Amino acid sequence: MEDFIFNVTKADQLFSEALQRWSSYNEVRKEMRKVAELVRKHEELIKLPRKYKEQTNAALSYKNQVKKLGKEMTMLAAGRGIAGQENTFQALQHGNSSLSTCLVTVSESEQVEGTDLSNGEVLPFSAEYIPPARIYTPLDGAKELRLRDYQEELSQKSLRGENDIILLPTGTGKTYIAIQVIVEHLYKYVVTGKPKVLFFVPISDLAKQQLQKIKDYLPTLWKGKACTIIGEDSIRPEEMRELMVGVEYAVLVVTPAMVVNYFDWYPDASVTDFTLLIFDEFHHAKKDHPYNKIIEKCVKAKHALTNGDGRVTKPIPQMLGLTATIGIGDSTNITTASGFILAMCAKFGLSEPPSESWQQREIDKTRVDEKYIELETRRADGMSFYLQEYLMRPLETEIQVKLKSWPFEQKDKSINVEFPSDRHGQIYESYLVSLRDRVIRLHMYSELSKDVQYCKVALDFLTEYFRAMHLVSLLHCEHGVRHLEGELFSKSVYNSIEPIWKMFIDHIQRLKSLADQEDKEHPNQKVQRLRGILSDQFSQRPDSKVIIFVQMREVAQCLKDILNCNPMFKAKEFISTGPSADNKGMMPRERTDAREGFEGEKYNILVATSVLEEGIDIQACNMVIRYMYVKDMIAKVQSRGRARHESGVMIAMLDGKLLEQEERNNAKEVLMYKALDAVREMPPPEFQEEVRRYIQELVQPVPQHSSQLPDLQQAAVISCKSCGRYLGDMASVRKYCQSRFLIFDGQLRDRVTAQKRNATPMKSLDDLTPAAGLICKGNDHGRCNSKVGNLFKMSAGHYLGGWIIGAILLNGLPLKKYKDVSKHGIKILPIDARELHDLAREHSFPANSIQ
């Protein structure tokens, strides 16, 4: 075998020059692919130890490390590609700032096509070319990433280091574009600095899936430098700090709330610590979403840097957004829709409209066949009639009598006590929620507390009756009865008002008998239609995979049981984690098992809530059914994208009202694409001027009046949502890690009791293990027995409580999430592990008080 020698001199200098011409690499894409083919054929090169590749990169990055690197290297890829084995390299010149001549051997049979090597021709290391990262991958133990033409086209702005928003339908490979950008970004920063890439995912389920995809294509040098950071990881602040600014990890797949928490913990932290930010499902970047908070920091940092603010000295990270639909908010015309899109572009400071493949947009519209099936609006069943006449109407009447009485009218004359006549629709449920919130605010008046408690419990019963009727309408009557028994018998607050509880107990047996009779004589026609559609599908295509979207977790669980009565169906629910032990959901590991079982042979139907609409990659589906479920336009587009197979179909089974909502969603989708086209047709100067205008709106400080920020000591009272008893104040609550809000209050035992039997099963977090439930002791009118929190045990033997946010009131107002506290001008301060242990000794709940 004849060997040929190639001479490469001053490689470090030329490599630096090549970086300045990064964008020119596309000019030699074809030549580089030929070299990749050569490398794949060379078995010995593929098996080279990873350490030599690391040495090569380090040599190219740091001239002063040449002496330390040793005498041998595996590969120096540049220009048209140069590859060799460790024993073919000569010693480096010690102390020299440039790489000396390297000898490379290549078999004559493995010559690069179109290059004459027989006369010892030298392949130049050209400063005009920079090797794409994919050419490294065959040597580095990574998969070779081959993008489609439209993906290549859409990646160009990001590869040049520009900010961009990429719009592609679900299932067309947005993630692979991002991976290409990540890999080439890493190689670029090997020379120019330390890379730190954050790949944001809106939900934790996506994190591990996306991380695995990324690592598959990362060269070996970087595989160990990628990890996930999600809420369930129980990361302490100091550990988070090291992950964010340390050099151990270069790629972090992270949920945005974790980074928002990080900035709360460390006010001196800056977005300039990162070099690339990728936002998956970018359409979430609006209102109070964590995406928006992070982007706002980037916009303000760039504004400060541009205006010479000395507080910002490092470059702003490159940003890339990925989404199937950018959305138009509440827009109803082309002008406001275009403005919404321009505002989204301003978040990234785009100089050009978002990158989109028009061809893929059109393909997506025709790829999935959309069908609509109109169902009956409601089920005319005897059980629902009985519920309304004998349980709901008497409670409504009694609530009206109490709230229209003189004492109540003196305190709040504006309460509307006219119940909607239609008890089946969302209007009725919304009215119950609104009225309950108004009633709860009257807890502060001791003379009204007894009647307030009656009305609150009565409204809770009405809510459960409404939900039972909703289940009856969608499923079987037996599911409505099961719901009532499961909810009303499980919580002691429901039997705290004797007349209401007795009314329920007196009628429950009659409800059961009516349910049995209705299910036998008048089966639900909606369920029958659904079964018929599925039977036809699996009869024609036995290998079909179907996803059914529903609105509620409970519907998904019950519908799964109904479908599994047919041996042709192998159904599994796919739902979010429940907020409590009483409202069970699925843990992330269970959802992963369900997804893998669906991709395999274990399941052929997934009954899912909105948690499956976006992001999570499921490729096996060829039919999507939305069963009495309509959300917004974005959700519709996302769910349509779940039907990934060719000849996919999406069926919407909706009643008349939901069909009207769906028609509005269709109109908004058309409007969105028209607005996108209008933005693209804008002259570049006009587009850039509009983006600058929206940027100015983003960086303008929001005026805050003293009335908006009440005194924390006077405006942080915590009370029981059920009985109104004072429980403490928010100033005693501190935030530990990402998801524990702990109470440091030495008088807590005077207001609650701790019961082991009411402990909520949940994952232990660091040094905190669930030990008991916290039960409200009640007010002057008697015991309440409502669960308002949980008690956690530390390894040192201390006990600390934590409020259940949905069970308490803040200044008489209900809260849904802890983040809602900030809307009242109150900030919950973080606490680290050292402070936790110091304060726990002082504020520990007495162990001898736990029952």
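Residues numbered from 1 in each chain as written. Predicted model: local features only at pLDDT ≥ 70, side-chain atom pairs only at ≥ 80, totals over all residues. Heavy atoms only, no water.

## Quick notes on the sheet that holds strand E15 (residues 726–729)
Taken together, four strands build an open sheet; the order of strands is E15-E14-E22-E23 and the sheet is antiparallel. The strands lining the two open edges of the sheet, one partner per strand, are E15 and strand E23 (813–814). In this structure, strand E14 (residues 717–720) lies alongside strand E22 (residues 808–810), joined through three bridges in antiparallel fashion. Looking at the pairing, Cys-720 lines up with Ile-808 of E22. (Pairing = 2+ DSSP bridges. Helix = DSSP H or I, 4+ residues; strand = E, 2+ residues; numbered from the N terminus.)

## Digging into the pattern of salt bridges
For side chains bearing opposite charge, pairing can occur when the charged atoms are close. Summed over all chains, the structure comprises 36 salt bridges. Of the charged contacts, one joins Lys-657 and Asp-422 as a salt bridge, the two residues approaching to 3.8 Å between their closest N and O atoms. Note that Lys-657 is positioned in helix H25 (residues 656–680) and Asp-422 in the loop between helix H16 (406–411) and helix H17 (426–440), a separation of 235 residues in sequence. Classification of Lys-657 by relative accessible area gives exposed; the value is 53%. Salt bridges linked by common partners bring Glu-370, Lys-636, Arg-640 and Glu-669 together as one network. (Salt bridge = Lys/Arg side-chain N within 4 Å of Asp/Glu carboxyl O. Buried < 20%, exposed > 50% of the residue type's maximum accessible area, 1.4 Å probe, protein only.)

## Description of the packing of helix H21 (residues 525–540) against helix H22 (residues 553–563)
Interhelical geometry of H21 versus H22 gives an angle of 60 degrees and a closest axis separation of 12 Å. Classified by the interaxial angle, the pair formed by H21 and H22 is oblique. As for how H21 packs across H22, the hand of that crossing is right-handed. For the pair H21 and H22, contact is made by Val-527, Leu-530, Arg-531 and Leu-534 and by Leu-559, Ile-562 and Leu-563, respectively. Classifying every residue of the contact of H21 with H22 by side-chain character gives six nonpolar, no polar and one charged. (Axes fitted to C-alpha atoms, helices over the stretch in contact; angles between N-to-C directions. Parallel < 35°, antiparallel > 145°, perpendicular 65-115°, else oblique. Left-handed = near helix turned anticlockwise from the far one by under 90°. Contact = heavy atoms within 4.5 Å. Nonpolar A, V, L, I, M, F, W, Y, C, P; charged D, E, K, R; others polar.)

## Quick notes on the nonpolar core
The biggest cluster of nonpolar side chains holds 59 residues, and the ones touching the most others in it are Leu-198, Phe-200, Ile-229 and Phe-279. Considering every element that reaches this core, the biggest residue donor is helix H13 (residues 334–348), with eight residues. Those residues in contact with Phe-279 that sit more than four places away from it in its chain are Phe-200, Tyr-291, Ile-294, Ile-295, Met-319, Leu-320, Gly-321, Leu-322 and Phe-348. Formed by 54 residues, the second largest nonpolar core is a distinct cluster that contains Leu-530, Val-624, Ile-625 and Tyr-629. (Core = buried A, V, L, I, M, F, W, Y, C linked by side-chain atoms within 4.5 Å.)

## Topic: empty space enclosed by the protein
Per the stated rule, a full pass over the model turns up 10 cavities of 30 Å³ or more. Estimates place the volume of the second largest cavity at around 80 Å³. Forming the boundary of the second largest cavity are 10 residues, of which Ser-158, Leu-159, His-185, Lys-188 and Gln-318 lie nearest the centre. Secondary-structure elements contributing two or more residues to the lining of the second largest cavity are helix H6 (149–159) and helix H7 (174–192). At five residues, H7 tops the list of elements feeding residues into the lining of the second largest cavity. In terms of residue class, the lining of the second largest cavity is built from four nonpolar, four polar and two charged. (1 Å grid on protein atoms, 1.4 Å probe; cavity = no way out; pocket = protein on both sides within 12 Å on 5 of 7 lines; lining within 4 Å. Points joined across faces, edges and corners; volume = space filled by probe spheres on them.)

## Considering the sheet that holds strand E3 (residues 226–229)
Spatial ordering of the open sheet is given by E3-E4-E2-E5-E6-E1-E7, a layout of seven strands whose pairing is parallel. Two strands close off the open sheet at either side, each with one partner strand: E3 and strand E7 (355–356). As paired strands, strand E2 (residues 197–200) and strand E5 (residues 276–280) are joined by four bridges and run parallel to one another. Within E5, the residue paired with Phe-199 across the bridge is Ile-278. In this fold helix H10 (residues 237–245) packs onto E2, E3 and strand E4 (251–254), with an angle of close to 140 degrees to the strand it touches most, E3.

## Digging into the environment of Lys-668
Structurally, Lys-668 can be placed in helix H25. Sequence separation of Lys-668 and Gly-327 is 341 residues, and the distance between their C-alpha atoms is 8.7 Å. With sequence-adjacent residues up to four places away left out, Lys-668 is seen in contact with Ile-328, Gly-329, Asp-330, Ser-331 and Met-633.

## A look at the layout of surface pockets
Considering only enclosed or pocket space, the second largest pocket measures out at about 590 Å³ in volume. Together, 22 residues line the second largest pocket, and His-424, Gly-425, Gln-426, Asp-655 and Leu-658 are the ones closest to its centre. Of all the elements in the fold, those that place two or more residues in the lining of the second largest pocket are H17, helix H18 (449–474) and H25. Broken down by element, the residue count for the lining of the second largest pocket peaks at five residues, all from H18. Partitioned by chemical class, the residues of the lining of the second largest pocket number nine nonpolar, eight polar and five charged.

## Structural notes on the side chain of Ser-544
In this structure, Ser-544 sits in the loop between H21 and strand E9 (546–549). Ser-544 gets classed as buried once you look at its relative accessible area, which sits at 1%. A polar atom in the side chain of Ser-544 sits 2.9 Å from the side chain of Gln-537. With near-sequence residues (within four places) excluded, Ser-544 lies in contact with Gln-537, Phe-538, Asn-604 and Asn-622. (Polar contact = N/O pair within 3.5 Å; in protein donor to acceptor, adjacent residues only side chain to side chain.)

## Side note on the packing of aromatic side chains
The relation between two aromatic rings is expressed through the spacing of the ring centres and the mutual angle of the planes. Tallied over the entire structure, the rule returns 17 aromatic pairs. Ring geometry for Phe-200 versus Tyr-291: centroids 6.2 Å apart, planes at 65 degrees, classification edge-to-face. You can see Phe-200 sitting in strand E2 and its partner Tyr-291 sitting in helix H12 (residues 290–306), a full 91 residues away along the chain. There is no split in this pair, since Phe-200 and Tyr-291 are both buried. Joined through ring pairs, the aromatic side chains of Phe-200, Phe-279, Phe-282, Tyr-291 and Phe-348 make up one cluster. The ring of Tyr-454 is capped by Lys-402, whose NZ or CZ atom sits 4.9 Å from the centre of that ring. (Phe/Tyr/Trp six-rings, centres within 6.5 Å; stacked < 30°, edge-to-face > 60°. Lys NZ or Arg CZ within 6 Å of the ring centre and 35° of its normal.)

## What to know about helix H20 (residues 498–521)
Between its first and last C-alpha, H20 extends 35 Å over 24 residues, near the 34 Å set by a 1.5 Å rise per residue. Along its length, H20 shows its largest kink, about 35 degrees, at His-507. Looking only at H20, the buried set comprises Ile-500, Trp-501, Phe-504, His-507, Ile-508, Leu-511, Leu-514, Ala-515, Glu-518 and Asp-519. The inward-facing, buried residues of H20 abut helix H15 (382–403), H18 and helix H19 (477–488). (Expected span 1.5 Å × (residues − 1). Bend = angle between axes of the 7 residues up to and from the residue.)

## Side note on the pairing of strand E6 (residues 318–323)
A large share of E6 lies buried, amounting to six of its six residues. Burial along E6 is two-sided: the residues Gln-318, Leu-320 and Leu-322 and Met-319, Gly-321 and Thr-323 are all buried. The pairing of E5 with E6 spans five bridges and is parallel. By the bridge assignment, Leu-277 is partnered in E6 with Met-319.

## Description of a positive patch on the surface
On the surface, Lys-293, Lys-816, Lys-817 and Lys-819 cluster together to form a positively charged patch. Mapped onto the secondary structure, Lys-816 falls in the loop between E23 and strand E24 (830–831). (Patch = residues over 30% accessible without salt bridge, like charges linked within 9 Å, V, L, I, M, F, W, Y side chains within 5 Å. Areas by Shrake-Rupley, 256 points an atom, 1.4 Å probe, with all protein chains shown as cover. Lys, Arg positive; Asp, Glu negative; His and termini not counted. Charge placed at Lys NZ, Arg CZ, Asp CG, Glu CD.)

## Side note on the confidence of the model for the chain
Predicted confidence across the chain gives a mean pLDDT of 77, with 76% of residues reaching 70 or more. The model gives residues 1–139 a pLDDT under 50, and that stretch makes 218 contacts with residues more than four places away or in other chains. (pLDDT = per-residue confidence, 0-100.)

## Things to note about H25
When the terminal C-alpha atoms of H25 are compared, their 37 Å separation across 25 residues agrees well with the 36 Å that a helix rising 1.5 Å per residue should span. Buried residues of H25: Leu-658, Leu-659, Glu-662, Asn-665, Glu-669, Leu-671, Met-672, Tyr-673, Ala-675, Leu-676 and Val-679, and no others. Backbone nitrogen of Lys-657 and a side-chain oxygen of the N-cap are separated by 3.3 Å at the start of H25; the cap is Asp-655.

## Points about the side chain of Glu-281
Following the sequence through the fold, Glu-281 ends up in the loop between E5 and H12. Among buried charged residues, Glu-281 stands out as having no salt bridge; its nearest opposite-charge side chain is Lys-174, 5.8 Å away. A distance of 3.2 Å separates the side chain of Glu-281 from the side chain of Gln-638, its partner in a polar contact.

## Describing the packing of helix H11 (residues 256–265) against H12
In contact at an axis separation of 8 Å, H11 and H12 are set at 50 degrees when each is read in the N-to-C sense. For the element pair H11 / H12, the angle class is oblique. Crossing of H11 against H12: the hand is left-handed. Contacts from Pro-256, Ala-257, Val-259, Val-260 and Phe-263 in H11 reach Pro-290, Tyr-291, Lys-293, Ile-294 and Lys-297 in H12. For the contact of H11 with H12, a count of residues per class yields eight nonpolar, no polar and two charged.

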